Amino acid sequence: MQPPVRYAPDVETVAPDEEQVIRDLSETLRDILDITSRDYGHAVRAVHAKSHGIIRGELDILPDLPPELAQGLFARPGRHPAILRISTNPGDLLHDGVSVPRGLALKIMGAKGDRLDGAEGETQDFIFVNGPVFPAPDPAAFLKNLRLLAKTTDRAEWAKRGLSAVLRGAERIVEAVGGESGTLKTLGGAPNVHPLGETYYTQTPFRFGDHVAKLSLRPESDTLTRHTGAIIDTRGRPDAIRETVDADMRAGDAVWTLRAQLCRDLETMPVEDPTVQWDEAASPFLAVARLYAPAQPGWSRDSADLVDEHMRFSVWTGLRAHRPLGAINRARRDPYRMSADFRAGFNRCPIHEPAAAEPRKGMA
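Okay, so let's go over this structure. Just so you know, these numbers come straight off a predicted model, no measurement behind them. The residue numbers shown here count from 1 along each chain, following its written sequence. Local features in a predicted model are, by the rule used here, given only for residues with pLDDT of at least 70; side-chain atom pairs are given and counted only at 80 or more, and totals for whole chains, interfaces and linings are based on all residues. Based on all heavy atoms of the structure, the side-chain values leave hydrogens and waters out of the count.

A 1.4 Å probe that fits but cannot get out identifies a cavity on a 1 Å grid over protein atoms alone, an open set with protein on both sides within 12 Å along at least five of seven lines counts as a pocket, and a residue lines either if it has an atom within 4 Å of a point. Grid points are joined across faces, edges and corners, and a volume is the space filled by probe spheres set on the points. Quantified by volume, the second largest pocket comes out at close to 340 Å³. Together, 19 residues line the second largest pocket, and Ala49, Leu93, Arg242, Asp308 and Glu309 are the ones closest to its centre. Secondary structure elements are defined from DSSP: runs of H or I of at least 4 residues count as helices, runs of E of at least 2 residues count as strands, and each element is numbered from the N terminus. For the lining of the second largest pocket, the element with the most residues is helix H7 (residues 301-310), which contributes five residues. Considered class by class, the residues forming the lining of the second largest pocket number seven nonpolar, two polar and ten charged. Three residue categories are used. Nonpolar comprises Ala, Val, Leu, Ile, Met, Phe, Trp, Tyr, Cys and Pro, charged comprises Asp, Glu, Lys and Arg, and polar comprises the others, including Gly.

Here we come to the pairing of strand E9 (residues 286-293). Strands pair, by our definition, only if DSSP identifies at least two bridges between them. As paired elements, strand E1 (residues 51-61) and E9 share four bridges and run antiparallel to each other. Along E9, the bridge assignment pairs Ile61 with Ala289. In this structure, strand E8 (residues 254-262) lies alongside E9, joined through seven bridges in antiparallel fashion. Considered in E9, the bridge of Ala254 is made with Ala293.

Let's shift gears to the pattern of salt bridges. Should a side-chain nitrogen of Lys or Arg be within 4 Å of a carboxyl oxygen of Asp or Glu, the pair is scored as a salt bridge. Evaluated as defined, the whole model comprises 25 salt bridges. Across the pair Lys50 and Asp239 runs a salt bridge, and its minimum N-O distance is 2.8 Å. One end of the pair, Lys50, is in the loop between helix H1 (18-40) and E1; the other, Asp239, is in the loop between helix H5 (222-225) and helix H6 (240-249), with 189 residues separating them in the sequence. Residue class for Lys50 comes out buried when judged on its relative accessible area of 6%. Whether a residue is buried, partly exposed or exposed follows from its accessible area with a 1.4 Å probe, protein chains only, as a fraction of its type maximum: under 20%, in between, or over 50%, in that order. Assessed through its relative accessible area of 25%, Asp239 is described here as partly exposed. For the salt bridge of Asp117 with Arg320, the shortest nitrogen-to-oxygen distance reads 2.7 Å. Of this pair, Asp117 sits in the loop between strand E3 (102-109) and strand E4 (123-129) while Arg320 sits in the loop between H7 and helix H8 (327-347), placing them 203 residues apart in sequence. Asp117 sits in the partly exposed class, given a relative accessible area of 47%. Look at Arg320 and you get partly exposed, because its relative accessible area is 39%. Via salt bridges that share partners, Glu12, Glu18, Glu272, Arg323 and Arg330 belong to a single interconnected network.

Looking at where Cys349 falls in the secondary structure, it is placed in the segment after H8. A C-alpha to C-alpha distance of 7.2 Å links Cys349 and Glu309, two positions 40 residues apart in sequence.

This brings us to the packing of H1 against helix H2 (residues 139-151). Helix-helix packing is characterised by the crossing angle of the two axes and by the distance between the axes. Whenever a helix is involved, its axis is fitted only over the stretch in contact; in every case the axis is a line through C-alpha atoms, and angles between N-to-C directions fall within 0 to 180 degrees. With their axes 10 Å apart at the nearest point, H1 and H2 run at an angle of 15° to one another. Classed by the angle they form, the pair H1 and H2 counts as roughly parallel. In the packing of H1 onto H2, the handedness of the crossing is left-handed. In this structure, H1 uses Val21, Asp24, Leu25, Thr28, Leu29 and Ile32 to contact H2, whose residues at the interface are Pro139, Ala140, Phe142, Leu143, Leu146, Arg147 and Ala150. Reported orientations rely on four angle classes, namely roughly parallel under 35 degrees, roughly antiparallel over 145, roughly perpendicular from 65 to 115, and oblique for the rest. What makes a crossing left-handed is the near helix being turned counterclockwise from the far one by less than a right angle; a clockwise turn instead makes it right-handed. Any two residues whose heavy atoms approach within 4.5 Å are treated as being in contact.

For the rest of this paragraph, the subject is empty space enclosed by the protein. In this approach a probe as big as a water molecule rolls over the atoms, and the regions it shows empty are the leftover space. Per the stated rule, a full pass over the model turns up four cavities of 30 Å³ or more. The calculated volume of the largest cavity comes to roughly 90 Å³. The wall of the largest cavity is formed by Lys50, His52, Thr88, Pro90, Asp92, Leu94, His95, Asp96, Val98, Val100, Arg102 and Ile241. Partitioned by chemical class, the residues of the lining of the largest cavity number five nonpolar, three polar and four charged. Taken as a whole, the second largest cavity spans an internal volume of roughly 70 Å³.

Moving on, we get to H7. Buried within H7 are the following residues: Ser303, Ala304, Leu306, Val307, Asp308 and Glu309. Turning to H7, the residues buried within the fold contact E1, strand E2 (78-88) and H8.

What follows concerns the pairing of E4. Of all seven residues that make up E4, seven are buried, and the element is covered over most of its length. On E4, burial covers both faces: Thr123, Asp125, Ile127 and Val129 on one face and Gln124, Phe126 and Phe128 on the other are all buried.

The buried fraction of H6 amounts to seven of the ten residues, a majority that puts the element mostly inside the structure. Among the structural elements, E1, E3, E8 and E9 are those in contact with the buried residues of H6.

In this section: the packing of aromatic side chains. Only Phe, Tyr and Trp rings take part, Trp by its six-membered ring, and two of them pair if their centres are within 6.5 Å. Stacked means planes under 30 degrees apart, edge-to-face means over 60, and tilted covers everything else. A complete count under the given rule lists five aromatic pairs for this structure. For the ring pair Phe126 and Phe206, a centre distance of 6.1 Å and an interplane angle of 85° mean the geometry is edge-to-face. Residue Phe126 is found in strand E4, and its partner Phe206 is found in strand E6 (residues 206-208); the two are separated by 80 residues along the sequence. Of the two residues, Phe126 and Phe206, both sit in the buried class. We count a charge as sitting over a ring when the NZ of a lysine or the CZ of an arginine lies within 6 Å of the ring centre and within 35 degrees of the ring normal. For Lys107, the ring lying beneath its charged end belongs to Phe313, and the centroid distance is 4.9 Å. Taking the ring centre of Trp299 as reference, the NZ or CZ of Arg242 above it sits at 3.8 Å.

Just geometry here; none of it tells us what the structure is for.
Written as structure tokens, this is what we have:
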């Protein structure tokens, strides 16, 4: 196995038109926010608006990690309070019959160290999706996909559910011949899988102290793995995912493993193109921490009020040692901050980073 690549600023390459594309991304997200806030009389996130699970837990950083893994937040063993938010990617609050990829945002408290510019508090955010690669190779393609998603905002929900069923069928056909379409899945063709059984990936790379890595969160306990591949029946149940996560999190304690995949070759494991899956044979995902969540309600009004209304999740909230890398991550910074600021202003509800003791409030 090759040694891990050493982080240096020149692992990134900025395209000449990147700033303009990022401005266009902000405008597209603002269009979504204008529509949804007008319809609901309340501002929700421009993407991943609907939460399906809000879970409190603790991240236990493993002892005796080898030097290449004992980096940044993971340099010292210890336990950190954490919050998980499970969601799906549309910016409007849809019937769960519209099946799209699952997202999982993880906020870790007590992350001490040098902060990224503008990163408040002492938290570290990682954002995951239940697939190893991002559906767009660069911000321009990301903008194109986002505009397609924006065009479906504020359209008849019954039509979206019908389209989702058609797209799921189309995706099964594509997969049957050995392919996969990120666009079909994003627009409603993803299988309606149980989110507690899924393995999640950052898809994009991050600085990992002296190195570069992608991260993954894998279910380990039987309370989670028993749901891997299970399909949720959403007929007549607009909040079926939320109801299912809530019931199944009450059934027992849950354990995930947080893993890091180190970049060992910038040619075959590129930083700037997240559509390329890094070869696990050349660099396997290696455990750096365990995430424990006691049996609890998987979603509640109180927890949603705390997390959905008062918190933001951003890959740019955290330590310099885990700086987001690549064009897609750079394109997330200003538009996602704009979305959070829009919510705070429209709802007249300040958004802030929680202190270590805060997650348990309202989340019993």
